[in-house]
Amino acid sequence: MQLYYHPYGCSLAPAIAAAEAGIALDLVYVDIIGEPHRLADGLLYSEINTRNYVPLLGLDDGTEISEAGIILQYLADLNPAAGLAPAQGTTERRELNQWLTFLGTELHKTYSPWLFHPEVGELAQDYARRRVAARYAIVERQLSGRTWLLGESFTVADAYLFVMVNWAAAAKTPLTDFPNLRAWFDRMKARPQVRAALKLHSASPTAQAA
Ligand SMILES: N[C@@H](CCC(=O)N[C@@H](CS)C(=O)NCC(=O)O)C(=O)O
């Protein structure tokens, strides 16, 4: 399986999920900063993925999966023994879906693109930062008395949340008011598979070639 990724991108979430599930992925670098987006060999990314963003998961049967929340669930369901997602049809799975949708729509899409494009202006960025803080407050309450987002089991929702919290310093969305979130972030960074995924996912084409 191939994961089309960018080192600063939300493709980090599936990279973490795959590492936690013990699934090996081939990482394919996409320059999502340059326009048009291209692979390291110069190929236009839009020729592979008409949506033109990462992550994209290329399956061995030639089909592809896009959208972070769906890729995460696909990876989790490939290895149920890893316990990264509750069983389909359960109340717990519905809860996971609720969090994945919240993370994708309320948090991810408030950061990206707004907080990574200064050209949108200070007013828009300040507004986005206030929205992020209000969403972090929701996560802060959820983490009270819980080790991971859904309770005592680490799930792919934690992998997804990690991406945005990892952006916090660069995007100037401080975690100061959110002690549960900070403690959760420390627990995440201490997980060996999160560290392994971070290392793999931070590689640029030059580093990959080296
Ligand atoms: N709805 C998509 C959003 C993915 C997304 O925002 N990807 C960003 C990186 S975090 C990207 O590739 N941006 C490049 C672009 O939009 O041109 C998902 O959930 O996977």
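The rules behind each value
- Residues numbered from 1 in each chain as written.
- Predicted model: local features only at pLDDT ≥ 70, side-chain atom pairs only at ≥ 80, totals over all residues.
- Heavy atoms only, no water.
- Helix = DSSP H or I, 4+ residues; strand = E, 2+ residues; numbered from the N terminus.
- Rg over C-alpha atoms; globule rule 2.2 N^0.38 Å.
- Core = buried A, V, L, I, M, F, W, Y, C linked by side-chain atoms within 4.5 Å.
- Buried < 20%, exposed > 50% of the residue type's maximum accessible area, 1.4 Å probe, protein only.
- Domains from an automatic or database assignment.
- Contact = heavy atoms within 4.5 Å.
- Pairing = 2+ DSSP bridges.
- Axes fitted to C-alpha atoms, helices over the stretch in contact; angles between N-to-C directions.
- Near = heavy atom within 4 Å.
- Polar contact = N/O pair within 3.5 Å; in protein donor to acceptor, adjacent residues only side chain to side chain.
- Areas by Shrake-Rupley, 256 points an atom, 1.4 Å probe, with all protein chains shown as cover.
- Nonpolar A, V, L, I, M, F, W, Y, C, P; charged D, E, K, R; others polar.

## Side note on the overall build of the chain
- A tally of regular secondary structure across the chain gives 8 helices and 5 strands.
- Reading the chain from its N end, one meets helices and strands in the order β-α-β-β-β-β-α-α-α-α-α-α-α.
- Relative to the globule expectation of 17 Å for 210 residues, the C-alpha radius of gyration of the chain, 17 Å, shows essentially globular dimensions.
- Overall, the chain is about 45 × 45 × 30 Å in size when its C-alpha atoms are taken along their principal axes.

## Section: the nonpolar core
- Counting residues in each nonpolar core, the largest one holds 63 residues, and the members touching the most others are Y111, Y136, L181 and W184.
- The element contributing the most residues to this core is helix α5 (residues 156-171), with 12 residues.
- Domain assignment of the residues forming this core places at least three in each of domain 1 (2-82 + 194-209) and domain 2 (91-191).
- Once you skip the residues sitting within four places of it in the chain, L181 turns out to touch Y136, V139, E140, L143, L161, V165 and L175.
- Ranked by size, the runner-up nonpolar core spans 7 residues in total, among them V28, V30, L39 and L56.

## A word on the sheet that holds strand β2 (residues 26-31)
- With mixed pairing, the 5 strands of this open sheet are ordered in space as β3-β2-β1-β4-β5. Two strands in the sheet have a free side with no partner beyond their single neighbour: β3 (38-39) and β5 (64-66).
- As paired elements, β2 and β3 share 2 bridges and run antiparallel to each other. Within β3, the residue paired with V30 across the bridge is L39.
- Of the strands in this sheet, β4 (56-58) and β5 touch helix α2 (residues 68-78), which is tilted by about 125 degrees from β5.

## Let's talk about the site of the ligand
- Taken together, 15 residues surround the ligand, and among them C10, H37, V54, E67 and K109 come closest.
- A distance of 2.8 Å separates a nitrogen atom of the ligand from a polar atom in the backbone of V54.
- Between an oxygen atom of the ligand and a main-chain N or O atom of A68, the distance comes to 2.9 Å.
- Surface burial for the ligand is 79%, taken as the share of its 510 Å² of free accessible area covered by protein chains.
- Of all the secondary structure elements, the ones that give two or more residues to the shell around the ligand are α3 (91-111) and α5.
- Residues of the shell around the ligand, tallied by class, amount to 8 nonpolar, 5 polar and 2 charged.
- For the shell around the ligand, the two domains that each supply at least three residues are domain 1 (2-82 + 194-209) and domain 2 (91-191).

## Remarks on the environment of Q142
- Along the polypeptide, Q142 turns up in helix α4 (residues 122-143).
- When the C-alpha positions of Q142 and S202 are compared, they lie 29 Å apart, and in sequence the two are 60 residues distant.
- What Q142 contacts, discounting residues up to four positions off in sequence, is E95, W99, L149 and L150.

## Focus: unusual backbone geometry
- Here the bond from V54 into P55 is cis, since omega is 5 degrees, no more than 30 degrees from zero.
- Its location among the elements puts P55 in the loop between β3 and β4.
- Cis geometry is adopted by the peptide bond preceding P113, which originates at S112 and carries an omega value of 15 degrees.
- Position of P113 relative to the elements: it lies in the loop between α3 and α4.
- Even without glycine at this site, E67 takes up a positive phi of about 80 degrees.
- Tracing the chain through its elements places E67 in the loop between β5 and α2.
- Assessed through its relative accessible area of 31%, E67 is described here as partly exposed.
- Positive phi outside glycine occurs at K172, with the angle close to 55 degrees.
- Residue position: K172 is located in the loop between α5 and α6 (179-190).
- Given the relative accessible area of 59%, K172 is considered exposed.

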